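Results of the structural survey
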Amino acid sequence: MARRIFLDKQSPKAFHALRETSQAVRTVAAEAGLDRVTVELVNIRVSQLNGCAYCLDIHTKAALRAGESARRLGILPAWRDTELFTREERAALALAEATTDPRDTDGQASAYEAARQALTEDQISAVIWVAITINAFNRISIMSKHPVRKAATEVADASM
């Protein structure tokens, strides 16, 4: 298989613009009152749906640093079947999924209605922007085949 072009390295101006967008979205989310854990749950769930190992690695670490539990992260793919997520988080996750796959118009309408019941308009907008942005980063990493490498401690543990 031919080596992939790292899109972020090949077109740094475009990637820099997306990073600036990401920073603006992070600010919008904070100003809307979305906590870092909720933002990272959205990033992780969208990355799960898209199958982006690189973004999953980054955002799982960020969620853990923000105080998220390993238990909830492990159950995140089945969030609908648990009581572990708040009403607001559930609304954000449903809206993020609908943003990631907008072809399901019934699901999209349902997710949007749930979001209207649990989130402010500013929070709805922020969640959608977070989902849009992580979808873009997922596609960059997937098409670039960004590697997820073992950390030095993992390499040492594996040799024991």
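Source: prediction; values computed, not measured.

Moving on, we come to the overall build of the chain. When you go through the chain residue by residue, the secondary structure sums to nine helices and zero strands. The helix and strand sequence of the chain, counted from the amino end, reads α-α-α-α-α-α-α-α-α. Its C-alpha radius of gyration of 17 Å places the chain within 12% of the 15 Å reference for a compact globule of 160 residues. When its C-alpha atoms are laid out on the principal axes, the chain stretches across 50 × 40 × 30 Å. Residue burial in the chain is summarised as follows: out of 160 residues, 38% are buried. At a minimum sequence separation of 6, the contacts of the chain that also span at least 24 residues come to 70%. Put simply, the chain shows about 9600 Å² of open surface, and 54% of that area lies on carbon and sulfur atoms. Averaging the positions of the 21 positive and the 20 negative side-chain charges in the chain gives two centres separated by 9 Å.

We now examine the pattern of salt bridges. This structure, assessed with the given rule, holds nine salt bridges. Put simply, Glu97 and Arg45 hold a salt bridge, and the shortest N to O gap is 2.7 Å. One end of the pair, Glu97, is in helix 6 (residues 87-100); the other, Arg45, is in helix 3 (residues 36-50), and 52 residues separate them in sequence. There is no split in this pair, since Glu97 and Arg45 are both buried.

One way to put it is that helix 6 packs onto helix 8 (residues 121-144) with a least axis distance of 9 Å and a crossing angle of 45 degrees. Relative to helix 8, the element helix 6 lies oblique. Along this stretch, helix 6 crosses helix 8, giving a crossing that reads as right-handed. For the pair helix 6 and helix 8, the contacting residues are Ala92, Leu95, Ala96, Thr99 and Thr100 in the first and Ile124, Val127, Ile128, Ala131, Ile132 and Asn135 in the second. Partitioning the contact of helix 6 with helix 8 into residue classes produces eight nonpolar, three polar and no charged.

Let's shift gears to the packing of helix 3 against helix 4 (residues 53-65). Each pair of packed helices can be summarised by the angle the axes make with each other and by the distance between the axes. The contact between helix 3 and helix 4 brings their axes to 9 Å, and the two run at 155 degrees. On the basis of the axis angle, helix 3 is roughly antiparallel to helix 4. Taken as a pair, helix 3 and helix 4 cross one another with a handedness that is left-handed. Within the contact between the two elements, helix 3 uses Glu40, Asn43, Ile44, Ser47 and Gln48 and helix 4 uses Cys55, Leu56, His59, Thr60, Ala62 and Ala63. Its residues assigned to classes, the contact of helix 3 with helix 4 comprises five nonpolar, five polar and one charged.

Moving on, we get to helix 3. With 15 residues, helix 3 ought to run about 21 Å at 1.5 Å a step, and its terminal C-alpha atoms sit 21 Å apart, in line with that. Across the 15 residues that make up helix 3, a large majority, eleven, are buried. Along helix 3, the positions that sit buried rather than exposed are Val37, Thr38, Val39, Glu40, Leu41, Val42, Asn43, Ile44, Arg45, Val46 and Ser47. Buried positions along helix 3 lie against helix 2 (12-32), helix 4, helix 5 (70-75), helix 6 and helix 8. Downstream of helix 3 by one or two residues, Gly51 has phi in the positive range, about 70 degrees.

Let's shift gears to the layout of surface pockets. By volume, the largest pocket is sized at about 620 Å³. Its residues assigned to classes, the lining of the largest pocket comprises 13 nonpolar, seven polar and six charged.

Moving on, we get to the side chain of Asn43. Mapped onto the fold, Asn43 is located in helix 3. A residue is classified by how much of its surface remains accessible, and Asn43, at 7% relative accessible area, is buried. The residues touching Asn43, leaving out its near neighbours within four places in the chain, are His59, Val130 and Ile134.

Calculation notes
Residue indices follow the written sequence of each chain, beginning from 1 at its first position. Totals for whole chains, interfaces and linings use all residues, but because this is a predicted model, local features are given only for residues with pLDDT of at least 70 and pairs of side-chain atoms are given and counted only at 80 or more. With hydrogens and water set aside, each side-chain value is computed from the structure's full complement of heavy atoms. Strands here are runs of E lasting at least two residues and helices are runs of H or I lasting at least four, both read from the DSSP assignment and numbered beginning at the N terminus. Between the two quantities, the radius of gyration covers C-alpha atoms and the globule rule is 2.2 Å times the number of residues to the power 0.38. Buried, partly exposed and exposed residues are distinguished by accessible area as a fraction of the type maximum, computed with a 1.4 Å probe on protein chains only: under 20%, between the cut-offs, and over 50%, respectively. The contact criterion used is simple: two residues touch if any of their non-hydrogen atoms lie within 4.5 Å. The protein chains shown are the only cover counted for residues, whose accessible areas, like all others here, come from Shrake-Rupley with a 1.4 Å probe. The charged-residue count follows a simple rule in which Lys and Arg add positive charge and Asp and Glu add negative charge, with His and chain termini not counted at all. A single reference atom marks each charge: NZ on Lys, CZ on Arg, CG on Asp, CD on Glu. The salt bridge criterion pairs a side-chain nitrogen of Lys or Arg with a carboxyl oxygen of Asp or Glu, the two atoms within 4 Å. Only the stretch in contact is used when a helix axis is fitted, and all axes are lines through C-alpha atoms; the angle between N-to-C directions ranges over 0 to 180 degrees. By definition in this entry, angles of less than 35 degrees are roughly parallel, angles greater than 145 are roughly antiparallel, angles of 65 to 115 are roughly perpendicular, and the rest are oblique. For any helix crossing, the convention is left-handed if the near helix is rotated counterclockwise from the far helix by under a right angle, and right-handed if that rotation is clockwise. Gly is put with the polar residues, along with every residue not named as nonpolar or charged; the nonpolar set is Ala, Val, Leu, Ile, Met, Phe, Trp, Tyr, Cys and Pro, and the charged set is Asp, Glu, Lys and Arg. A helix is expected to span 1.5 Å multiplied by its residue count minus one. Buriedness of a pocket was judged along seven lines, with at least five required to meet protein on both sides within 12 Å; pockets are open sets of points on a 1 Å grid over the protein atoms alone, cavities are sets where a 1.4 Å probe fits but cannot get out, and lining residues have an atom within 4 Å of a point. Grid points are joined across faces, edges and corners, and a volume is the space filled by probe spheres set on the points.

Shape is all these values report; function is a separate question.
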